[in-house]
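Residues per chain are reported as follows:
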Amino acid sequence: MLSTAAFNALLKTLEEPPAYVIFVLATTEPHKIPATILSRCQRFDFKQFTLNELKEELSFVCSKENINITEDALYAIAEASDGGMRDALSILDQANVYATDEITIDDVDSVTGRISNYKLIELLKSLKEKDSSKSIYIINELINMGKETNRLVSGIIQFCRDILLYKSGIESSIKYIYIIMKSLLILQTVLQQMNYSTI
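About the thresholds
Residues numbered from 1 in each chain as written. Predicted model: local features only at pLDDT ≥ 70, side-chain atom pairs only at ≥ 80, totals over all residues. Heavy atoms only, no water. Buried < 20%, exposed > 50% of the residue type's maximum accessible area, 1.4 Å probe, protein only. Helix = DSSP H or I, 4+ residues; strand = E, 2+ residues; numbered from the N terminus. pLDDT = per-residue confidence, 0-100. Contact = heavy atoms within 4.5 Å. Core = buried A, V, L, I, M, F, W, Y, C linked by side-chain atoms within 4.5 Å. Salt bridge = Lys/Arg side-chain N within 4 Å of Asp/Glu carboxyl O. Axes fitted to C-alpha atoms, helices over the stretch in contact; angles between N-to-C directions. Parallel < 35°, antiparallel > 145°, perpendicular 65-115°, else oblique. Nonpolar A, V, L, I, M, F, W, Y, C, P; charged D, E, K, R; others polar. Left-handed = near helix turned anticlockwise from the far one by under 90°.

Visitor: Please explain helix α6 (residues 105-112) as it appears in this structure.
Guide: Two residues of an α-helix separated by three or four positions point the same way, owing to the 3.6 residues in each turn. Of all the residues in α6, the buried ones are I105, D107, V108, D109 and T112. Phi for G113, located one or two positions after α6, is positive at around 80°.

Visitor: What is the right way to look at the confidence of the model for the protein chain in this model?
Guide: When pLDDT drops low, the exact placement of atoms in the prediction is not to be read closely. Taken as a whole, the protein chain shows an average pLDDT of 81; of its residues, 83% reach a score of 70 or greater. Within the protein chain, the element-level pLDDT minimum falls on helix α10 (residues 181-193), averaging 57, and the maximum on helix α5 (residues 85-98), averaging 93. Considering only residues more than four positions removed or in separate chains, one finds that residues 177-181, a stretch of pLDDT under 50, has 16 contacts.

Visitor: Is there a simple way to think about the nonpolar core in this case?
Guide: Generally speaking, a soluble globular protein has its nonpolar side chains buried in company with each other. Core analysis: the largest hydrophobic core is formed by 21 residues, its most contacted members being L58, C62, I69, I77, L92, I103 and V108. Per-element accounting of this core gives the leading share, six residues, to helix α4 (residues 71-80). Leave out the neighbours within four places in its chain, and I77 touches L58, I69, A88, I91, L92 and V108. Grouped together as the second largest cluster of nonpolar side chains are eleven residues, I115, L120, L124 and L142 included.

Visitor: Just to check I follow, could you spell out the environment of S90 for this structure?
Guide: Inspection of the secondary structure puts S90 in helix α5. Take S90: its relative accessible area is 35%, and that puts it in the partly exposed class. Separated by 13 residues in the primary sequence, S90 and I77 place their C-alpha atoms 9.5 Å from one another.

Visitor: Sorry, what's going on with the pattern of salt bridges here?
Guide: Side-chain pairing between opposite charges can occur once the charged atoms of the two side chains come close. The tally for this structure, following the rule as stated, stands at seven salt bridges. For R43, the salt bridge is made with D45, and the minimal N-O distance between the two is 3.1 Å. Classification of R43 by relative accessible area gives exposed; the value is 52%. Here the salt bridges do not stand alone but share partners, grouping K119, E122 and E141 into one network.

Visitor: Before we go on, may I ask you to explain the packing of α4 against α6 in this structure?
Guide: Between two packed helices, what matters for the description is the angle formed by their axes and the separation of those axes. It is at 8 Å that the axes of α4 and α6 come closest, and there the two elements cross at 25°. On the basis of their axis angle, the class for α4 and α6 is roughly parallel. Where α4 approaches α6, its residues D72, A73, A76, I77 and A80 are matched on the opposing element by I105, V108 and T112. For the contact of α4 with α6, the class distribution of residues is six nonpolar, one polar and one charged.

Visitor: Whenever I open this one, α4 confuses me. Can you help?
Guide: Most of α4 sits inside the fold, with eight of its ten residues counted as buried. Residues of α4 that are buried: D72, A73, L74, Y75, A76, I77, A78 and E79. Phi turns positive one or two residues past the end of α4, at D82, with a value near 55°.

Visitor: Please explain unusual backbone geometry as it appears in this structure.
Guide: One can expect most non-glycine residues to show negative phi and most peptide bonds to be in trans. Phi is positive for N66, which is not a glycine, with a value near 55°. For N66, the position within the fold is in the loop between α3 (51-65) and α4. For D82, which is not glycine, the phi torsion reads 55° and is therefore positive. Within the element layout of this structure, D82 appears in the loop between α4 and α5. Residue D82 is classed as partly exposed on the basis of its relative accessible area of 39%.

Visitor: When you look at the packing of helix α7 (residues 117-128) against helix α8 (residues 132-144) in this model, what are you seeing that I'm missing?
Guide: Running from N to C, α7 and α8 point in directions that differ by 155°, and their axes come no closer than 8 Å. Classified by the angle between their axes, α7 and α8 sit roughly antiparallel to one another. Our pair here, α7 against α8, has a crossing hand that is left-handed. Seen from α7, the contacting residues are K119, E122, L123, S126 and L127; seen from α8, they are K134, S135, I138, I139, E141 and L142. Partitioning the contact of α7 with α8 into residue classes produces five nonpolar, two polar and four charged.

Listed below in structure tokens is the structure:
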């Protein structure tokens with residue numbers, strides 16, 4: 001971020017710019033730019049891509065590049081990229097190299113270190129049933145597979161958040177896994193056994 005003196009110097013240039021010059025200012029902290037500068041700029045606010053936008057673009061790229069990929073894998077890549085198109089395309093490229101034939105959700109999980117939805121459901125069920133030995137076994141299995149503990153914790157938190165939203169009927173706010181219908185069908189049995197206090 002520029003200092004106040006630097007902004008004042010820039011202001012003079014912005015007021016009387018050379019005809020052949022176009023300034024492009026990019027920042028993640030627009031609130032720190034003085035009003036005198038902002039008033040002389042056209043402002044464009046960029047936002048993250050939605051899950052569906054990412055999935056559609058990935059599907060388009062796969063069709064153009066003749067890449068075989070499952071629907072679940074497309075959603076998994078879109079989820080892992082966290083709204084970034086460049087990250088999504090990078091993950092797709094890595095998964096394509098890693099996969100033997102068709103890119104599956106297991107390939108995406110291996111490339112990104114993402115925790116499988118099915119493993120999360122299995123772990124959540126064991127926690128609900130207070131089966132500590134099975135819970136420890138699943139966690140140990142995930143760690144032995146090279147999964148990071150912070151990813152496991154954030155995955156469980158996201159999972160429980162989405163369950164709360166789903167049980168509240170706020171499906172539009174569910175960001176990740178429940179767009180994948182296979183996971184949703186498996187999850188139904190867990191939801192029937194869980195209440196808000198349990199979650």
